[in-house]
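As a plain string of letters, each chain reads:
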Amino acid sequence: MRQLVFATNNRHKLDEVAAKVGDHIKLLTLEDIGCREEIPETGCTFRENASLKSHYIYDKYKLDCFGDDSGLEVDALNNEPGVYSARYAGTHGNHEANIDKVLARLAGEANRNARFHTVISLIWNGEEHFFEGIVEGTIRNERSGAKGFGYDPIFQPDGYAVTFAEMTMEEKNRISHRGRAMEQLIDFLVIGSSGH
């Protein structure tokens, strides 16, 4: 079975992707390969950041790998928080403060349209490939649900009456931005590894 490194330290992302990959590929973490440093995310777009992550691992360890960058884009906020989603309120990974900032900036705003956007950069056999996933939705006025992570408690995907944080991981994975991008990546790997 081919091995593939996922260039992230985010446990929630790892769990989501591992559930999606199943038995197709052996997923390795940064911890598995002994990478303890923080990979820089200095790009201005999701694509640039995803590429920075995968190249960092490939250049240093020469292993097949992928990196992703994802974020929330809110129409009324000129697509913020975007690439700054994890550190929108100033501190990286402070989900509660990030949610508070989005809700405060949307107070009284009628247009609450938003989307989650993921770009994956895969380096496979030395070549880089990109996969993209988007899920449209709206921002709730208040939190609902305790599952998921990040902005999940305030994001209601189109066609559903619940937030991502009210869905099981399986339900979320079926429709999420990361789930959609991962399906493309898995299709590519399965077809590619079967020699087509």
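Below, the structure is looked at part by part.

**Some points on helix α1 (residues 11–21)**
For α1, the full list of buried residues reads Lys13, Leu14, Glu16, Val17, Lys20 and Val21. Burial along α1 is one-sided: seen end-on, the buried residues are contained in an arc of 165°. Backbone geometry just after α1 places Gly22 at a positive phi near 60°.

**A word on the nonpolar core**
With 18 residues, the main nonpolar core has Leu72, Ile139, Tyr151 and Phe155 as its most contacted residues. Elements with a minimum of two residues in this core: β3 (65–74), α3 (95–105), β5 (113–124) and β6 (127–139). The greatest single-element share of this core, amounting to three residues, is contributed by α3. Not counting the four nearest positions on each side in its chain, Phe155 is found in contact with Leu72, Ala114, Arg115, Phe116, Val135, Glu136, Gly137, Thr138, Ile139, Val162, Thr163 and Phe164.

**With respect to the side chain of Asp68**
Note that Asp68 resides in strand β3. On the accessibility criterion, Asp68 (1% relative accessible area) is buried. Here Ser70 takes part through its side chain, which lies 2.9 Å from a polar atom of the side chain of Asp68. One polar contact links Asp68 to Arg178, side chain to side chain, over a distance of 3.2 Å. Beyond its immediate sequence surroundings of up to four residues, Asp68 is in contact with Phe6, Lys13, Ala50, Lys53, Thr118, Val119, Ile120 and Arg178.

**Comments concerning α3**
The complete set of buried residues in α3 reads Asn98, Ile99, Val102 and Leu103. Along the axis of α3, the buried positions cluster into a sector of 130°, meaning they face one direction only. Looking at the packing, one finds that the buried side of α3 touches β4 (80–81) and β6.

**As for the packing of aromatic side chains**
Per the counting criterion, the structure on display carries five aromatic pairs. Relative to Phe164, the ring of Phe155 has its centre 5.2 Å away and its plane inclined at 50°; by these criteria the two rings are tilted. Using a relative accessible area of 1% as the deciding quantity, one classes Phe164 as buried. A network of ring pairs unites the aromatic residues Phe116, Phe155 and Phe164 as a single cluster.

**Notes on the pairing of strand β1 (residues 3–6)**
Relative to strand β2 (residues 26–28), β1 runs parallel, the two sharing three bridges. Across the sheet, residue Gln3 finds its bridge partner in β2, namely Lys26. Following the chain from β1 across α1 to the adjacent parallel β2, one finds a crossover that is right-handed. In this sheet, β3 lies alongside β1 in parallel orientation, the contact comprising two bridges. Within the sheet, the bridge partner assigned to Phe6 lies in β3 and is Phe66.

What counts, and at which threshold
- Residues numbered from 1 in each chain as written.
- Predicted model: local features only at pLDDT ≥ 70, side-chain atom pairs only at ≥ 80, totals over all residues.
- Heavy atoms only, no water.
- Buried < 20%, exposed > 50% of the residue type's maximum accessible area, 1.4 Å probe, protein only.
- Helix = DSSP H or I, 4+ residues; strand = E, 2+ residues; numbered from the N terminus.
- Arc of directions from axis to C-beta.
- Core = buried A, V, L, I, M, F, W, Y, C linked by side-chain atoms within 4.5 Å.
- Contact = heavy atoms within 4.5 Å.
- Polar contact = N/O pair within 3.5 Å; in protein donor to acceptor, adjacent residues only side chain to side chain.
- Phe/Tyr/Trp six-rings, centres within 6.5 Å; stacked < 30°, edge-to-face > 60°.
- Pairing = 2+ DSSP bridges.
- Right-handed = clockwise from strand over helix to strand, strands pointing away.

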